[in-house]
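Commentary on secondary and tertiary structure
The residues making up each chain are set out below.
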Amino acid sequence: MSIEINNVTKTWGDFVALDDVTVSLPTGQLTALLGPSGGGKSTLLRVIAGLETADTGTVSIEGVDATGLPAQKRNVGFVFQHYAVFKHMTVAKNVAFGLEIRKKPKEQVAARVEELLKLVHLSQFGHRLPAQLSGGQRQRMALARALAVEPSVLLLDEPFGALDAKVRKELRDWLRRLHDEVPVTTVFVTHDQEEAMEVADEIVVINEGRVEQVGTPDELYETPANDFVMSFLGDVTQIAGVSLRPHDVDVSTTPILAGSTEGTISRLLKVGFEVRLNVLTVAGDDVHVVLSRAEARSLDLREGSTVWVTAAPGAAVVPSMRFAG
Amino acid sequence: MSSATAAVTPVRRLRRRSPGHTLTRTSGLSLGIAVTWFSLLVLIPLSALVVTAAGGGWDAYASTLTSPQAWAAIRLTVGQSVVVTLVNIVIGTVIAWVLVRDRFFGKRALDVVIDIPFALPTIVAGLVLLSLYGPNSPLGLHWANTERAVTLALAFVTLPFIVRTVQPVLEELDTDVEEAAASLGATGLTTFRRVILPSLVPAIAAGAALSFARAISEYGSLVLLSGNLPFRTEVVSVRVLSFIEGGNTAAAAALASIMLFVALVVIVALDLLQRRVSRRG
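Remember, predicted model here, so these are calculated numbers, not experimental data.

Turning next to a nonpolar patch on the surface. Residues Val-83, Val-87, Val-90, Ile-91 and Val-94 of chain B make up a contiguous nonpolar surface patch of about 390 Å² in total accessible area. Exposure remark for Ile-91 of chain B: the relative accessible area of 40% places this residue in the partly exposed category.

The structure is reproduced here in structure tokens:
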């Protein structure tokens, strides 16, 4: 394991940012720290980088105990949400910064900078100032700057958070490809579940300073450990005390399904290829259901119809928060 | 221009190239007011000064400049102004840093007090300094009538300039830039030298220009403490006054125009530095 975090706690006054967190992040993979804002994921990333010190607990990077090491000595690359560019330096100078500090020979620095600018598709922009670049270009430059020192781990704090949706999506795909080219252990923080699901090999879900679940995107989606993880990773609805995905609800017009609940369709909406139903059950649940158009047509559903709903066989189901407490 | 709408686009495009010919009525009016005001207050009196100085011919210039007393005053004024400005560059930046980055008891009070040397009538500033460093000094520092008195008075009145120009820039500076430098392996000192200082240079240059300009023109705060001793503690503004009191207007104007030239050179130089740096960032 590349990064081992053991029993790390971090508080600011009364606020507990990290509450006894223990997690291992695998070598060579792209891991997402996913969770709502203020949940502690950025703090965890900054503790790994040495930009914050944990109150208690240990951090080791590549087998070396880094708990007491300052940020300068940890050999991590860090990319910030708002780029943190050195405004007065050209793009090439920004990328060269870490190498020049290490007093590398000039030719070697120049060669490495050229190589990195090519990697992030900014070869034409080396002589420009960061102010002359777009947000996406600036973030790619920041990434090249962090990679220049050949860090043992690359940490990205909401790297695409400040970009508009289109660029965000492009950079997301590009980061995935870059990681396949340069397989450095990478950890990135995001509150966007779609971003995490698309890019990451492994996801660590963090909420209120605690790790809720660790797993591959599939594992988290298919077998969420609790209601929070389930609802954070996608749409959720409740039937008779359990939470499940709206597309995992089976609908029939006769009570043939075992354990099904009777209800009335209160709303029917057709959006693109899917049909969304609200079923008001006799038990008082408002169940959301997503069907394909073909399914809805074959059942001849309309608003006001009486239907029976239940969890489909093999559906991911967890006790809902209202009942589990 | 046949119609207003048709004129809009070409006007906009032209304005970037030659601002002189495409003023709207409002901007023409405000430019007129600005230029008139500036001329009445600054340009015409300054030209009058130069004309008076030139009226005496080269001889007046030469005799003023070769007069050892005037020359000593110029040397003292410019020399001390340079010293004080250099001191302010260091101390002013440090004070600004402390005010922005550190947390300590009385920070708010210090932040307000910084402006006092600027707000006090200069003669009062002179009195304050005299009571502390004069003949009855409680500190035992008898700096009255010495060159140190000049340094002290100039340092006192110019203190706020660099603090106040650097402070807002420092407040705007993102700390994540310093964190980025640290994660790339830079020590605190390297980060300051290579990342923070370059961002502060334009503000420091602007503050230094103000500080220097104020120093070479200072009069009130140093007349009491310096004693105005010819060849030793007499600054240019005092010398100019004595020329006038002696009825030698041409010499006064000649000396004044030389200071005008010095001020221009320094301010333009600092402005160029500022432009060069800000063009890079």
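Text resumes after the structure shown.
Right, let's get into the interface of chain B and chain A. Tallying the contact residues gives 20 residues for chain B and 23 residues for chain A. Taken over both partners, the interface formed by chain B and chain A buries close to 1900 Å², and the fraction arising from carbon and sulfur atoms is 61%. One can count two salt bridges joining chain B with chain A. Among the salt bridges present, the one from Arg-46 of chain A reaches Glu-179 of chain B, with a minimum N-O distance of 2.6 Å. Between the two partners, chain B and chain A, sit five residue pairs in polar contact (both at pLDDT 80 or more). With seven residues, the top contributor of residues to the side of chain B that touches chain A is helix H9 (residues 175-183) of chain B. The class makeup of the residues in the side of chain B that touches chain A is eight nonpolar, seven polar and five charged.

Residues and elements named next belong to chain A. Spatial strand order, E6-E7-E8-E3-E9-E10: six strands in an open sheet with mixed pairing. The open sheet has two free edges, formed respectively by strand E6 (76-79) and strand E10 (210-215), since each of these has just one partner strand. Neighbouring strand axes in the sheet, compared pairwise and without regard to direction, differ in orientation by 15 degrees on average. The sheet contact formed by strand E3 (residues 30-34) and strand E8 (residues 185-190) spans five bridges and is parallel. What sits directly across from Leu-33, in E8, is Val-189. Sheet contacts for helix H1 (residues 41-49): E3, E6, strand E7 (153-157), E8 and strand E9 (202-207); angle to E7, the most-contacted strand, approximately 145 degrees.

Moving on: the environment of Val-82 of chain B. All names here are of chain B. Note on placement: Val-82 falls in helix H4 (residues 68-101). For Val-82, a relative accessible area of 37% corresponds to the partly exposed category. Separated by 133 residues in the primary sequence, Val-82 and Ala-215 have C-alpha atoms spaced 8.6 Å apart.

With that out of the way, let us pick up the pairing of strand E14 (residues 261-271) of chain A. For a regular strand, side-chain orientation follows a simple rule: the groups alternate between the two sheet faces. Residues and elements named next belong to chain A. Pairing between E14 and strand E17 (residues 306-311): four bridges, direction antiparallel. Its bridge partner lying in E17, Gly-263 is registered against Val-307. Summarising the sheet, E14 and strand E15 (residues 274-281) pair through eight bridges and their orientation is antiparallel. Looking at the pairing, Gly-263 lines up with Thr-281 of E15. Hairpin remark: E14 followed by E15, antiparallel, with two residues in the connecting loop; positive phi at Gly-272, about 60 degrees.

Turning our attention to the packing of H9 of chain B against helix H10 (residues 188-217) of chain B. Residue and element names in this part refer to chain B. With their axes 10 Å apart at the nearest point, H9 and H10 run at an angle of 135 degrees to one another. Judged by the angle between their axes, H9 and H10 are oblique. For the crossing formed where H9 meets H10, the hand is right-handed. Mapping the contact onto sequence places Val-177, Glu-178 and Ala-181 in H9 and Thr-191, Val-195 and Ile-196 in H10.

Reading the values: the criteria
Residues numbered from 1 in each chain as written. Chains lettered and ligands numbered in written order. Predicted model: local features only at pLDDT ≥ 70, side-chain atom pairs only at ≥ 80, totals over all residues. Heavy atoms only, no water. Patch = residues over 30% accessible without salt bridge, like charges linked within 9 Å, V, L, I, M, F, W, Y side chains within 5 Å. Areas by Shrake-Rupley, 256 points an atom, 1.4 Å probe, with all protein chains shown as cover. Salt bridge = Lys/Arg side-chain N within 4 Å of Asp/Glu carboxyl O. Buried < 20%, exposed > 50% of the residue type's maximum accessible area, 1.4 Å probe, protein only. Contact = heavy atoms within 4.5 Å. Buried area = accessible area lost by both parts, 1.4 Å probe. Polar contact = N/O pair within 3.5 Å; in protein donor to acceptor, adjacent residues only side chain to side chain. Helix = DSSP H or I, 4+ residues; strand = E, 2+ residues; numbered from the N terminus. Nonpolar A, V, L, I, M, F, W, Y, C, P; charged D, E, K, R; others polar. Pairing = 2+ DSSP bridges. Axes fitted to C-alpha atoms, helices over the stretch in contact; angles between N-to-C directions. Parallel < 35°, antiparallel > 145°, perpendicular 65-115°, else oblique. Left-handed = near helix turned anticlockwise from the far one by under 90°.

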